[in-house]
Amino acid sequence: FSAFLQGTFDNVVNTFSSLNSAVANLASAFSTGITMNHQFTGDMKLAFKLDNDEGLRNAVAQAMTPVIVNTITQEIDRRLNPNDFKAA
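Let us look at the structure shown here.

Reading the values: the criteria
- Residues numbered from 1 in each chain as written.
- Predicted model: local features only at pLDDT ≥ 70, side-chain atom pairs only at ≥ 80, totals over all residues.
- Heavy atoms only, no water.
- Helix = DSSP H or I, 4+ residues; strand = E, 2+ residues; numbered from the N terminus.
- Expected span 1.5 Å × (residues − 1).
- Bend = angle between axes of the 7 residues up to and from the residue.
- Patch = residues over 30% accessible without salt bridge, like charges linked within 9 Å, V, L, I, M, F, W, Y side chains within 5 Å.
- Areas by Shrake-Rupley, 256 points an atom, 1.4 Å probe, with all protein chains shown as cover.
- Salt bridge = Lys/Arg side-chain N within 4 Å of Asp/Glu carboxyl O.
- Buried < 20%, exposed > 50% of the residue type's maximum accessible area, 1.4 Å probe, protein only.
- Polar contact = N/O pair within 3.5 Å; in protein donor to acceptor, adjacent residues only side chain to side chain.

### Quick notes on helix H1 (residues 2-31)
Argument step 1. In this model, H1 (30 residues) spans 43 Å end to end at C-alpha, consistent with the 44 Å of a helix rising 1.5 Å per residue.
Argument step 2. With its phi angle positive at about 95°, Gly33 sits one or two positions after the end of H1.

### A few points about helix H2 (residues 53-79)
A turn of α-helix holds 3.6 residues, and therefore any two residues three or four places apart point the same way.
Argument step 1. The terminal C-alpha atoms of H2 lie 38 Å apart, and with 27 residues this matches the ideal 39 Å at 1.5 Å per residue to within 8%.
Argument step 2. Bending of H2 peaks at approximately 30° at the position of Met64, with proline Pro66 no more than four residues after it.

### Brief notes about a nonpolar patch on the surface
Argument step 1. Residues Leu56, Val60, Met64, Ile68, Ile72, Ile76 and Leu80 make up a contiguous nonpolar surface patch of about 560 Å² in total accessible area.
Argument step 2. Locating Leu80 in the fold gives a position in the segment after H2.
Argument step 3. Leu80 sits in the partly exposed class, given a relative accessible area of 38%.

### A look at the environment of Arg57
Argument step 1. Here Arg57 is to be found in helix H2.
Argument step 2. Since its relative accessible area comes to 48%, Arg57 is described here as partly exposed.
Argument step 3. Within the local environment of Arg57, its side chain forms a polar contact with the side chain of Glu54, the two groups lying 2.7 Å apart.

Encoded structure:
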């Protein structure tokens with residue numbers, strides 16, 4: 001009986017040791033940060049059905065336009081002599 005009980009406890013201890021190691025590895029992976037990249041290709045119209053696609057297009061365009069204009073303006077100003085030309 002004693003040998004059986006010891007074998008059972010050894011199995012439990014070994015199982016928890018493996019579990020402890022796996023959890024430690026998981027914690028280590030999360031502590032160093034996780035980066036996920038998603039790349040979508042193809043015609044996404046087939047993947048999403050949007051009833052308000054026109055409104056969504058307009059909202060995205062309104063949000064992006066000032067950023068694009070600012071980026072282009074800064075790049076033109078950077079490439080050209082600021083004493084001779086300023087984009088506006």
